Amino acid sequence: MPRPVLSTYRLQMRGDCCTFDDAENLLDYLDRLGVSHLYLSPILTAVPGSTHGYDVTDPTTVSAALGGPEGLQRLSEAARSRGMGLIIDIVPNHVGVAHPEQNLWWWDLLRYGRASAYADYFDIDWDLDNGRIVLPVLGSDDDVADLVVDGDVLRLGDLVFPVAPGTGAGTGREVHDRQHYRLTGWRTGICGYRRFFSITSLAALRQEDRAVFDASHVEVKRWFDEGLVDGLRIDHPDGLSDPAGYLRWLRELTGPDAWIVVEKILAANESLDPSLPVSGTTGYDALREVGGLFIDPAGAAVLTMLSGRPDPDAEVMLKAAAVTDTLAGELGRLCRAVAGVTGQNDEHLPAAITALISRIGVYRSDYPALGTILPVALQETACTTPELTEALATVSVAMSRSAEVVSRFNQLCGAATAKAVEDCLFYRDARLVSLNEVGGAPELFGVTTAEFHQRTRTRQHAWPSTMTTLSTHDTKRGEDVRARIGLLSQVPGTWADSVERWTASTAPPDRDTALFLWQNIFGVWPVDGGVTDELRIRLHGYAEKAIREAATHTSWHDPSREFEDEVHGWLDRVLDGPVTAELTALVGRLEVHARNNSLGQKLLQLTVPGVPDVYQGTESTEDSLVDPDNRRPIDYPALRDALERGDDAKIRVTTAALTLRRARPQAFLAGAYRPLPAIGEAARHLVCFTRGEDVMVAVSRWTVGLAETGWGDTTLSLPDGQWTDRLSGRDWAGRVRVSELLCDSPVALLERSDG
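What counts and what doesn't
Residues numbered from 1 in each chain as written. Predicted model: local features only at pLDDT ≥ 70, side-chain atom pairs only at ≥ 80, totals over all residues. Heavy atoms only, no water. UniProt positions renumbered as here; feature names shortened; annotations may be inferred. Helix = DSSP H or I, 4+ residues; strand = E, 2+ residues; numbered from the N terminus. Pairing = 2+ DSSP bridges. Phe/Tyr/Trp six-rings, centres within 6.5 Å; stacked < 30°, edge-to-face > 60°. Buried < 20%, exposed > 50% of the residue type's maximum accessible area, 1.4 Å probe, protein only. 1 Å grid on protein atoms, 1.4 Å probe; cavity = no way out; pocket = protein on both sides within 12 Å on 5 of 7 lines; lining within 4 Å. Points joined across faces, edges and corners; volume = space filled by probe spheres on them. Nonpolar A, V, L, I, M, F, W, Y, C, P; charged D, E, K, R; others polar. Salt bridge = Lys/Arg side-chain N within 4 Å of Asp/Glu carboxyl O. Polar contact = N/O pair within 3.5 Å; in protein donor to acceptor, adjacent residues only side chain to side chain. Contact = heavy atoms within 4.5 Å. Axes fitted to C-alpha atoms, helices over the stretch in contact; angles between N-to-C directions.

### Looking at the UniProt feature "domain: Glycosyl hydrolase family 13 catalytic" (unreviewed entry) in the chain
1) Next: The positions that UniProt labels "domain: Glycosyl hydrolase family 13 catalytic" (unreviewed entry) are, in the present scheme, residues 6-664.
2) Next: Within the segment residues 6-664, helix and strand shares are 46% and 11% respectively, and the terminal C-alpha atoms sit 10 Å apart.

### Quick look at the sheet that holds strand β12 (residues 195-196)
1) Next: One open sheet accounts for three strands, arranged β6-β13-β12; its pairing is antiparallel. One side of each edge strand has no neighbouring strand; the edge strands of this open sheet are β6 (94-96) and β12.

### Looking at the packing of aromatic side chains
The way to describe two aromatic rings as a pair is by their centre distance and the angle between their planes.
1) Next: One pass over the full model with this rule turns up 16 aromatic pairs.
2) Next: Aromatic pair Trp106 and Phe122: ring centres 4.9 Å apart, planes at 75 degrees, arrangement edge-to-face. With Trp106 in helix α4 (residues 104-112) and Phe122 in the loop between α4 and β7 (133-138), this pair connects stretches of sequence that are 16 residues apart.
3) Next: Taken together, a centroid distance of 5.0 Å and an interplanar angle of 85 degrees make the contact between Tyr118 and Tyr121 edge-to-face.
4) Next: Judged by its relative accessible area of 13%, Tyr121 falls in the buried class.
5) Next: Here the aromatic residues Trp495, Trp502, Trp518, Phe522 and Trp570 are joined through ring pairs into a cluster of three or more.

### Description of the pairing of strand β14 (residues 231-234)
1) Next: The alternating pattern of β14 places Gly231 and Arg233 and Leu232 and Ile234 on opposite faces, both of which are buried.
2) Next: Where strand β5 (residues 85-90) lies against β14, four bridges are found, and the strand directions are parallel. The residue bridging Ile88 from the neighbouring strand is Leu232, located in β14.
3) Next: As judged from the four bridges shared by β14 and strand β15 (residues 259-262), these two strands associate in the parallel manner. Bridging across to β15, Arg233 finds its partner in Val261.

### Focus: empty space enclosed by the protein
1) Next: Counting across every chain of the model gives seven cavities of 30 Å³ or more.
2) Next: Taken as a whole, the largest cavity encloses approximately 280 Å³ of empty space.
3) Next: Lining the largest cavity are 21 residues, with Arg194, Arg195, Glu330, Gln411 and Leu412 sitting closest to its centre.
4) Next: Those elements that place two or more of their residues in the lining of the largest cavity are β12, α12 (328-342) and α16 (403-422).
5) Next: Per-class residue counts for the lining of the largest cavity are eight nonpolar, six polar and seven charged.
6) Next: Each pocket or cavity is described by its volume, and for the second largest cavity that value is around 220 Å³.
7) Next: For the second largest cavity, the lining is made up of 20 residues, of which Arg288, Gly291, Gly292, Ser434 and Leu435 are closest to its centre.
8) Next: At the level of secondary structure, the elements contributing two or more residues to the lining of the second largest cavity comprise α9 (284-292), α18 (479-486) and α23 (579-607).
9) Next: With four residues, α9 is the largest single contributor of residues to the lining of the second largest cavity.

### Details of the pattern of salt bridges
1) Next: Within this structure, the stated rule accounts for 63 salt bridges.
2) Next: Note that Arg206 and Asp209 form a salt bridge whose closest N and O atoms lie 3.5 Å from each other.
3) Next: Judged by its relative accessible area of 22%, Arg206 falls in the partly exposed class.
4) Next: Taking the relative accessible area as the measure of exposure, Asp209 reaches 23% and is therefore partly exposed.
5) Next: When salt bridges with common partners are traced through the structure, they connect Asp123, Asp125, Arg194, Arg333, Arg336, Glu404 and Arg408 into a single cluster.

### Side note on the side chain of Ser41
1) Next: With respect to the helices, strands and loops of the structure, Ser41 is situated in the loop between β2 (37-40) and β3 (44-46).
2) Next: Note on Ser41: relative accessible area 0%, which makes it buried.
3) Next: Here Met13 takes part through its backbone nitrogen, which lies 2.8 Å from a polar atom of the side chain of Ser41.
4) Next: When sequence neighbours within four positions are dropped, the list of residues in contact with Ser41 reads Arg10, Leu11, Gln12, Met13, His52 and Asp89.

### Some words on α18
1) Next: Within α18, eight of the eight residues are buried, which leaves it mostly tucked inside the rest of the structure.
2) Next: Its buried side turned inward, α18 meets α9, α20 (511-524), α23 and α25 (649-663).

### Some remarks on the sheet that holds strand β9 (residues 153-156)
1) Next: Judged by pairing direction, the sheet is antiparallel, and its three strands sit side by side in the order β8-β9-β10 without closing on themselves. Only two strands of the sheet have a single partner each, and these edge strands are β8 (148-150) and β10 (159-162). Across the sheet, the mean angle from the axis of one strand to that of its neighbour is 30 degrees, orientation sign disregarded.
2) Next: In the packing of α4 onto the sheet, the strands contacted are β9 and β10, and the crossing angle to β10 comes to about 60 degrees.

Set out below in structure tokens:
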């Protein structure tokens, strides 16, 4: 039987610094921390040197760079000897094809075309170019002239492509023109295969074909047959043609007891479909709710005035642009599928599909629980653009007749949402950037206690074993950076005055860009004000990524060197100028409140219903920004020392919560969640609840204002019995003054101690 999953600790596996042996050497530390399961990023063979593992090139083998199957076996046995287990992240949607020679399935497909044994493994658009696979991998179409024949391969720089048998005579161009593929420039937006969003180096697999599923899960099946792992994290199931069908097959493979969570990004008004045979999601919904509690709604008006009122149509317009530009190839393929089913090639079809997708607020709407989303979007689109009514009817008819049309429509919808919202809009919205997170809803400006308690109780009843998280390898900012930035909602006037003054004195090339970057700079600014070379490099890297994602003055496709140089110059003026003194002073003034937010959200995430994940290094305060910044190697010797000393408040909170989960598993796995309101003038500053009959959690919030007023007469009536705070060691019973309960810490974790 698998070991009960009480908590997980995410490790980013890398051949250069986090192999299976490295993970094994961390087991004693993680055991002391209270972790029940190691949660490993993808471990199958990936592109050499990969720092994340999502570019799998051989799904049938464990990465030799990480230690191979023997290393995995040793790690599993070592974890089991401590009563711990393993959770593995797997990538069913796509494989890496940046270098075809590294992927035997892809290489064979390119060499033999439709005659390949793997022709059905990939979702190829065979109709796009008369049976040839269009590969948008060149700088321009003209680069074909530079291809060189080298034996049975074609070469262009470091790119290598196979030559079909009997077609290798002649010039590079002549040989190329005889192949089962056609190399084109990457800027066209046309691609001959389904990919991961718009990433041409990641080709999608047809997991709806049982033969493909079996072939790509042979190693995963071995893990469960041999009892090496206890569960799986499924990367981006919404990209599959039939996510629900895939998950049913996976459940058959793993058995009924495996813990399976899916990377399902839920909208604020979306629920995970209860028919899915999984334990829940990877926790972005919980991230929004926990973090949102610490956002003071009183700051919305001032911050909105500073950044400008958000354009209510921005998301719709950006989705439409993503569909017609970045995802033009996918749109064209969907239109051809619709026309093929209905026999009607309406000229308005591309516009109708684009407008419809722009009005769907979820990644995909074909889960049974989301049955009303598409018809409502159809009606709204028809009302807004009546000239598209007939074309919308054609789309509806096609979807009623063809599972392929349904899946391609929803795959395009998910890609458009990711590219438009997470990868663009969230880099333009500068009102409060800590809200601009994967799965976030920045337009709601935080979460009330009423919403928080309601959603948490619902999670307890519907998905008690779902994952909860605060940081991942994909978050835009680490949890502690968000905690500090969230403070700006408590001091909006101070922030607005400071930013206006700083912006005027540093003359940025663009005000909106500066407003966005100021908050991120504040989020990672060192308390002592010391700007190291490392921090400077990280901030420049982040700034470049942020402005390219925002795509208002520069972009990944068409970078403006002039604008980017101006931004880098401005950033250096900030880092080297007089503004730094004011930044340091503001950070110093608010740092105690940033720590309060950090500890508060951490304790909540570790104790609310669900299985908490601790992303590597986040048991202590850290300052990560978006990837690749948040995938840096972790200084575990320093963390070990901090755990030994016991003077790191965040490690103490993490250890106390995780060890309590191990001591009282039923309180967290099955115990009820009951809000416990305080009474008094500062009651709104306290979030409190019980888990089962044995655990109580109290967390302070909005502590900037609280520092001025104090708790006053605010009291909390504890449940019957004697209670001991696992953090302070003090005992409590009956009605207590909150000022005494939280006199030396912003949080309390109480355990019933009278038996």
